[in-house]
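Per-entry structural report
Here is what each chain is made of, one letter per residue.
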Amino acid sequence: MANPEAAVTPVDPRLLVRERGLAGYLSEFRRRLSAGELGSLPVVVGLIVICAAFQGLNSNFLSAENLSNIAVAMVGTGMMAIGIIFVLLLGEIDLSVGAVSGVSGAIVAILSVTHGVDEWLAVLAAVAGGAVIGALHGFFFAVIGAPAFAVTLAGLLFWQGLMLQLLGSSGTINLDSEGLVGKLNTHYFSDIAAAYGLAALAVAAFLLSGLLDSRRRAAAGIPFRPLADTLLRTAGLAVVAFAAAYVFNQYKGLPLALVLFLAALVITDLVLRRTAYGRKVVALGGSVEAARRAGIDVTAVRISVFAIAGGFAAVGGLFMASKIAAANQSAGSGELLMNVIAAAVIGGTSLFGGRGRTWNALLGVMVIVSIQYGLALEGIKSPVQFMITGGVLLATVVIDSITRRTQKTAGRA
């Protein structure tokens, strides 16, 4: 009699895809498309279309100067979007980040300019203050049980009022343009080796990470990415990285702001994907009750996530203050909050929780700032920019809703 265990050998479907080569990958792509697993593909395609359209309208759009300016302009909003992504992964929202960013700029200005405190200490105090504010919001949400929407809406009003109070009757405190905060947006690494060196480092790190991951998976007897696949992905990254380095070197060099933004993206991505804490955040967004039964401290994770959002809001506020080398009463107001949320959602983070990566902040903010700069080159005023950005956000939310419905139909939600 045949051994029933030997008769049925489980095979991971990913192995079958790779064994079939290109045909297997095309078949898997069609399956993922029909199941609504689009990932970042719509955003990347949309960004390419946006760049092509604006370049067709104005040949200066893809110039080294304009692309460098876009890279610097997107950092403040992008930093805040990183924090928002952590909150969105829980399926919640934080409406206070714009006001918190304004408070952080006011704190730095008052401490360093008015009271003569060392600027490094002032910056640390501002970021710590943002984290404390976020943790306070998290406390009311996680411990008291108040809805995050209401708590952070109240926070938006309160912290905006505090900022106005701190800045006083003048409403503006100028910062040293050559100081720490002042140079966040204005400092460039002019040596061409800086941009190319960072590109080489990123490519080497990506390749090494891929090889080590495949080796670890092979040792554990689970499916791993073939060497040819890893090399192909590395080559794609190399093309993008060195092309970007070339463009930056055609203008002023590698922007410090972009380096800090990329560092924040790498670190937070590793936290979400490679640490137990990151897995807890994602699990909590999938199902609170399931996470609680799995032994996750739901209250602590929720408070920490809002603290992270507050901290990144403060960091974003420093970049916003660096743009004008001042802290003023308009900081954190206007369309900033909507742009931050839009950047996270447009980049691919789900409003329903449980799905998203911090790299979505990069993609989303690139789309928003590219639209703004492209329309500005055409002389189109802010009202039309708002309407177009709102339309893009609505389309993204619709795609997200349809994707979730498709995944439920396919049994993969």
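Everything below is about the structure printed above this text.
Below is a summary of the structure that appears in this document. Counting restarts for each chain: residues are numbered from 1 in the order of the written sequence. In keeping with the model being predicted, local features are shown solely for residues with a pLDDT of at least 70 and side-chain atom pairs are shown and tallied solely at 80 or more, while totals for entire chains, interfaces and linings include all residues. The side-chain figures draw on all heavy atoms in the structure; neither hydrogens nor water molecules are used.

Notes on the overall build of the chain
The number of helices and strands found in the chain is 17 helices and four strands. Accessible surface, the chain as shown: approximately 20400 Å² in total, 67% of it carbon and sulfur. Working definition: helices are DSSP H or I runs of at least four residues, strands are E runs of at least two. Numbering for both runs from the N terminus. Computed with a 1.4 Å probe, the accessible areas rest on the Shrake-Rupley method; for each residue, only the protein chains presented here act as cover.

Some thoughts on the pattern of salt bridges
Side-chain pairing between opposite charges can occur once the charged atoms of the two side chains come close. When a carboxyl oxygen of Asp or Glu lies within 4 Å of a side-chain nitrogen of Lys or Arg, that pair is called a salt bridge. Overall, the coordinates contain nine salt bridges when judged by the stated rule. One salt bridge connects Asp213 with Arg217, and the closest N-O pair in it is separated by 3.4 Å. Highlighted residues: Asp213 and Arg217, both in helix α9 (residues 192-220), separated by four residues, approximately one helical turn. When the shortest N-O distance is used, the salt bridge between Arg233 and Asp229 registers 3.3 Å. Within this pair, Arg233 and its partner Asp229 are both found in helix α10 (residues 227-249), separated by four residues, close to a single helical turn.

Some words on the packing of aromatic side chains
Think of it this way: a Phe, Tyr or Trp ring, Trp meaning its six-membered ring, pairs with another when their centres are within 6.5 Å, and the plane angle makes it stacked under 30 degrees, edge-to-face over 60, tilted otherwise. Enumeration over the complete set of coordinates arrives at six aromatic pairs. Arranged with centres 5.5 Å apart and planes meeting at 55°, the rings of Phe141 and Phe306 form a pair that is tilted. Taken together, the positions of Phe141 in helix α7 (residues 119-144) and Phe306 in helix α14 (residues 298-324) put the pair 165 residues apart, joining distant regions of the chain. By the burial criterion, Phe141 is buried, and Phe306 matches it. Type-normalised accessible area, obtained with a 1.4 Å probe on protein chains alone, sets the label of each residue: buried when under 20%, exposed when over 50%, and partly exposed for intermediate values.

As for the packing of helix α11 (residues 256-274) against helix α16 (residues 359-377)
Fitted lines through C-alpha atoms give the axes, limited to the stretch in contact for helices. The angle between two N-to-C directions lies from 0 to 180 degrees. With their axes 8 Å apart at the nearest point, α11 and α16 run at an angle of 140° to one another. Regarding the angle of α11 to α16, the classification is oblique. The segment α11 lies against α16, with Phe261, Leu262, Leu265, Val266 and Asp269 engaging Trp359, Ala361, Leu362 and Val365. The nonpolar class holds Ala, Val, Leu, Ile, Met, Phe, Trp, Tyr, Cys and Pro. Asp, Glu, Lys and Arg form the charged class, and all remaining residues, Gly among them, are polar. Considered class by class, the residues forming the contact of α11 with α16 number eight nonpolar, no polar and one charged. In what follows, roughly perpendicular refers to angles from 65 to 115 degrees, roughly parallel to angles under 35, roughly antiparallel to angles over 145, and oblique to any angle outside these ranges. Should any heavy atoms of two residues lie within 4.5 Å, those residues are considered in contact.

Regarding a nonpolar patch on the surface
A patch consists of residues exposed above 30% relative accessible area that lack any salt bridge, with like charges linked at up to 9 Å and nonpolar side chains (Val, Leu, Ile, Met, Phe, Trp, Tyr) linked at up to 5 Å. Residues Leu136, Phe139, Phe140, Val143 and Ile144 make up a contiguous nonpolar surface patch of roughly 420 Å² in combined accessible area. Along the chain, Ile144 turns up in helix α7. With a relative accessible area of 53%, Ile144 lands in the exposed category.

Structural notes on the side chain of Asp94
Structurally, Asp94 can be placed in the loop between α5 (64-89) and α6 (97-114). Looking at Asp94, its side chain comes within polar contact range of the side chain of Ser96, at 2.6 Å. Excluding anything up to four places from it in sequence, Asp94 contacts Ile84, Val87, His137, Thr152, Phe306, Ala309 and Leu337. What qualifies as a polar contact is a pair of N or O atoms within 3.5 Å, subject to a donor-acceptor requirement within protein and to the restriction that residues adjacent in sequence count only when both atoms come from side chains.

Looking at the environment of Ala128
Of note, Ala128 is situated in helix α7. Overall, the relative accessible area of 40% leaves Ala128 in the partly exposed class.

Section: the environment of Leu272
Among the structural elements, Leu272 can be located in helix α11. Residue Leu272 is classed as buried on the basis of its relative accessible area, which comes to 7%. Taking the C-alpha atoms as reference points, Leu272 and Val282, separated by 10 residues in sequence, lie 7.8 Å from one another. When sequence neighbours within four positions are dropped, the list of residues in contact with Leu272 reads Phe86, Leu89, Gly278, Arg279, Val281 and Thr358.

A word on unusual backbone geometry
The phi torsion at Ala325 lies on the positive side, around 50°, for a residue other than glycine. If you trace the backbone, Ala325 turns up in the loop between α14 and β4 (326-328).

Focus: helix α4 (residues 41-57)
Taking 1.5 Å as the rise per residue, α4 with 17 residues should run 24 Å; its terminal C-alpha atoms sit 25 Å apart, in good agreement. For α4, the complete set of buried residues consists of Val43, Leu47, Ile50, Cys51 and Phe54. Buried residues of α4 fall within an arc of 95° about the axis and therefore sit on the same side. Projecting away from the buried face of α4 at angles above 90 degrees are the exposed residues Ile48, Val49, Ala52 and Gly56. Expected span of a helix, by definition, is 1.5 Å for each gap between consecutive residues, and there is one gap fewer than residues. To obtain the arc, one takes the directions from the helix axis to the C-beta atoms.

Quick word on the nonpolar core
Core analysis: the biggest nonpolar cluster contains 95 residues, and Met79, Ile82 and Phe261 have the highest contact counts within it. Look past the residues within four positions of Phe261 in its chain and what remains in contact with it is Met74, Val75, Gly78, Met79, Ile82, Leu362 and Val365. What is meant by a nonpolar core is a set of buried Ala, Val, Leu, Ile, Met, Phe, Trp, Tyr and Cys residues, joined one to another through side-chain atoms within 4.5 Å.

Things to note about α6
Over its 18 residues, α6 extends 25 Å from the first C-alpha to the last, a length consistent with the 26 Å expected when each residue adds 1.5 Å. In terms of burial, α6 is largely enclosed, as 14 of its 18 residues are buried. Following α6 by one or two positions, Gly116 has its phi on the positive side, about 70°.

Quick word on the environment of Asn69
In this fold, Asn69 is placed in helix α5. When its relative accessible area of 26% is taken as the criterion, Asn69 is described as partly exposed. Those residues in contact with Asn69, other than ones at most four positions away along the chain, are Tyr251 and Tyr373.

Here's the deal with the packing of helix α15 (residues 336-346) against α16
Running from N to C, α15 and α16 cross one another at 120°; their axes reach a closest spacing of 6 Å. Looking at the two axes, α15 sits oblique to α16. Where α15 crosses over α16, the two elements pack in a sense that is right-handed. Along the contact surface, α15 presents Asn339, Ala342, Ala343, Ala344 and Ile346, while α16 presents Asn360, Gly364, Val365, Val367, Ile368 and Gln372. Crossing handedness is defined as follows: a turn of the near helix away from the far one that is anticlockwise and smaller than a right angle gives a left-handed crossing, while the clockwise case is right-handed.

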